[in-house]
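# Secondary and tertiary structure notes
This is what each chain is made of:
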Amino acid sequence: METIQPVTFTYDEIMLCVASEQIRDREVALIGTGLPMLAATLAKQVHAPRAVMIYESGLVDTNPVEVPVSVADPRIMFGTTTFSSLYKTLGLLQRGVVDVGFLGGAEVDQFGNLNATAIGQYEHPKIRLPGSGGANDIASMADRVVILMKHEKRRFPSKVGYITSPGFLEGGNSRKEAGLKGGGPAVLISNLAVMDFEPVSHRMRVRSIHPGITREQVQDATGFDLLWAEDLTTTPEPTQFQLDIIRRLDPNGIFLKGE
Amino acid sequence: MLNSRILTIEEAAAGIPDGSVVTVGGFGVFLQPMAMMREMIRQGKKDINLLSVGEAYAADLLVGGGCVRSVTLASFGFEAVTGRSRNFCKAVEQGKVEVEDYSHFSMASRFLAGAMGLPFTAVHSMRGSDLLDHLPEGKKYVKMDCPFSGEEVILLPAAKPDIAVIQAQRADMDGNLQLMGPTICIEEQARAAKRVIAIVEEIVPRSVIQANPTATLLPSFFVDTLVVLPYSAHPMASYGYYDYDLEHLYTYTNSSKTPESWKGYLDEYVYAPKDHYEYLERVGGLRKIMQLRADPLLGY
């Protein structure tokens, strides 16, 4: 008798599928480097064929046939509908037409502030990181911000050492009071769980835990007390269709290292 | 100036004084003027002050070659594949290079103001962040209410570099410069600079430029010095001409792990080759050139 094989997947793959689902059809999405490039390509092929993907190098409406390694990779130049500039593409944020933007960083804190600049004192850092790039612009001005992070205690401190990209700053109304235009972080997807930010305090709150992960594991990998949604669920598993596409897009494991 | 001066890369690099404020075009794995960076290192340039956007590979190489005193930047990351720009990061950690951080949009706006002949620009970026908090208020930024609407904006001074070093695909004999692909910040960086050095893959007849005028990035009078050198962006990509060299990018980042291996890289690929053509031999010669050469349909 034929047996049906269960779907098997890695935590990187579940992270990627949840990330891709944040892009809705017909939305305008600003895509940063790394996993978001793969998530965007997946979204376009699965559920959001008319979403418009923007890259800050000056590309609008990309339609790659291979996954790019860089936001200025010729693989996203072929098939795009617009060659533009950095000023014009990031200017779309300031103009208020970008629905969703993607961010990552070395550290994220309980209010969704991100550090991608320096660990230790800014002037004499212990570890110098790449810096903002377009991240601060996306965090400041996109309607919704989606954050992708590897879930580790040192990456989730209660307060980041340097705010490269503003989340909800000190929580409460502080983001609004600082005059920031965009809506701030809407979702944080890690390799353990999916989180959002509680609407009043703007503290990080767990919405769903990935299959096979416990509540204790999520809290232990976090440097502050998490809030928990009353309707806490298990993150839906990726479909075989999504997994087939991901594995075809990244056959050499450039982005997905099998974790 | 109607006729741009076509110089060799050695002659063009010799025209960059020590201590200059230099801006370099390109971003990601695309159109960074790498051959010019190698030549600047060979000529032992000192105390260059980089006014940058995101030209990570060019800046990392120049910092690793000991040419740089200070860096104003938005980001110097090597992105997903090859990781950290170690020469730059180490130089900052060791206090060898001064840094001033902005966001990409803020730097692009500063260059646009410079290109427009304006003294400052207004943005909505960087509010509430440490990018703004680490800049001296009143000197590097001012918060101001718009005199017309009352809306608060952040003012930043225009960026006005001494020299822009940019890479593009082609030009005619007069220096009308064409770029294929997204222009990143290259147009604004060049227009804001007092002097422009452009490196291209080939010279084409004026009629070729006239047949596709929308690809012209800069009119001839902006291009002070023109260098013609094929594969001069290597290991970066030049859309329509050649792909980036992933194998060499890994060689580069692996070499930057220790001072010894980095010295080895500089010796092998910067100091030892007598010119750009010998460099191309060392990175794989004709076999590599044929691998990287763009597919005419895909452009890479």
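Residues numbered from 1 in each chain as written. Chains lettered and ligands numbered in written order. Predicted model: local features only at pLDDT ≥ 70, side-chain atom pairs only at ≥ 80, totals over all residues.

### As for the domain arrangement of chain B
When the parts of a complex come together, some accessible area is lost, and that lost area is often used as the size of the interface. Partitioning chain B into domains gives domain 1 (5–102 + 160–292) and domain 2 (127–155). For domain 1 of chain B versus domain 2 of chain B, the distance between C-alpha centres works out to 32 Å. (Domains from an automatic or database assignment.)

### Some remarks on the interface of chain A and chain B
The partner chain B presents 49 residues to the 51 residues of chain A that form the contact. Counting residues per element, the ones that place at least two in the side of chain A that touches chain B are α3 (74–77), α4 (86–95), β9 (127–128) and α5 (135–141) of chain A. The leading source of residues in the side of chain A that touches chain B is α4 of chain A, at five residues. Its residues assigned to classes, the side of chain A that touches chain B shows 24 nonpolar, 20 polar and seven charged. (Contact = placed C-beta atoms within 7 Å. Helix = DSSP H or I, 4+ residues; strand = E, 2+ residues; numbered from the N terminus. Nonpolar A, V, L, I, M, F, W, Y, C, P; charged D, E, K, R; others polar.)

### Quick notes on the packing of helix α3 (residues 56–64) of chain B against helix α5 (residues 86–93) of chain B
All names here are of chain B. At a minimum axis distance of 7 Å, the contact between α3 and α5 shows a crossing angle of 55°. Between α3 and α5, the angle is such that the two are oblique. Remark: the crossing between α3 and α5 carries left-handed chirality. Seen from α3, the contacting residues are Ala 59, Asp 60, Val 63 and Gly 64; seen from α5, they are Asn 87, Phe 88 and Ala 91. Here the contact of α3 with α5 is built from residues that sort into four nonpolar, two polar and one charged. (Axes fitted to C-alpha atoms, helices over the stretch in contact; angles between N-to-C directions. Parallel < 35°, antiparallel > 145°, perpendicular 65-115°, else oblique. Left-handed = near helix turned anticlockwise from the far one by under 90°.)

### Concerning the nonpolar core
In globular proteins that are soluble, nonpolar side chains generally tend to be buried together. Of all hydrophobic cores here, the largest spans 177 residues; its most connected members are Ile 54 of chain A together with Ala 59, Leu 62, Ala 108 and Ala 198 of chain B. When we break this core down by domain, the ones giving at least three residues each are domain 1 (5–102 + 160–292) and domain 2 (127–155) of chain B. (Core = buried A, V, L, I, M, F, W, Y, C linked by C-beta atoms within 7 Å. Buried ≥ 20, exposed ≤ 12 C-beta atoms within 10 Å, placed from the backbone.)

### With respect to the pairing of strand β15 (residues 225–228) of chain B
All names here are of chain B. Of the pairings in the sheet, the one linking strand β1 (residues 5–6) to β15 comprises two bridges and is parallel in character. Pairing of Ile 6 across the sheet is with Leu 226, part of β15. Relative to β15, strand β12 (residues 195–200) runs parallel, the two sharing four bridges. Residue pairing across strands places Ala 198 opposite Leu 226, the latter belonging to β15. (Pairing = 2+ DSSP bridges.)

### Comments concerning the sheet that holds strand β7 (residues 142–145) of chain B
Residue and element names in this part refer to chain B. Spatially, three strands are ordered β6-β8-β7 in an open sheet, and the strand pairing comes out antiparallel. The open sheet has two edge strands, β6 (120–123) and β7, and neither has a second partner. Adjacent strand axes in the sheet meet at a mean angle of 40°, parallel and antiparallel pairs treated alike. Bridging between β6 and strand β8 (residues 152–157) involves four bridges; their strand directions are antiparallel. Bridge pairing in β8 links Val 123 to Ile 154. Strands in contact with helix α6 (residues 104–115) are β6 and β8; relative to β6, the strand with the most contacts, it is inclined by about 145°.

### Overview of the packing of α4 of chain A against α6 of chain B
At their nearest, the axes of α4 of chain A and α6 of chain B sit 9 Å apart, and the two run at 125° to each other. Considering their axes alone, α4 of chain A and α6 of chain B lie oblique with respect to each other. For the element pair α4 of chain A and α6 of chain B, the recorded crossing hand is left-handed. Listed contacts from α6 of chain B to Leu 86, Tyr 87, Leu 90 and Gly 91 of chain A of α4 of chain A are His 104, Phe 105, Ala 108, Ser 109 and Leu 112 of chain B. Partitioned by chemical class, the residues of the contact of α4 of chain A with α6 of chain B number six nonpolar, three polar and no charged.

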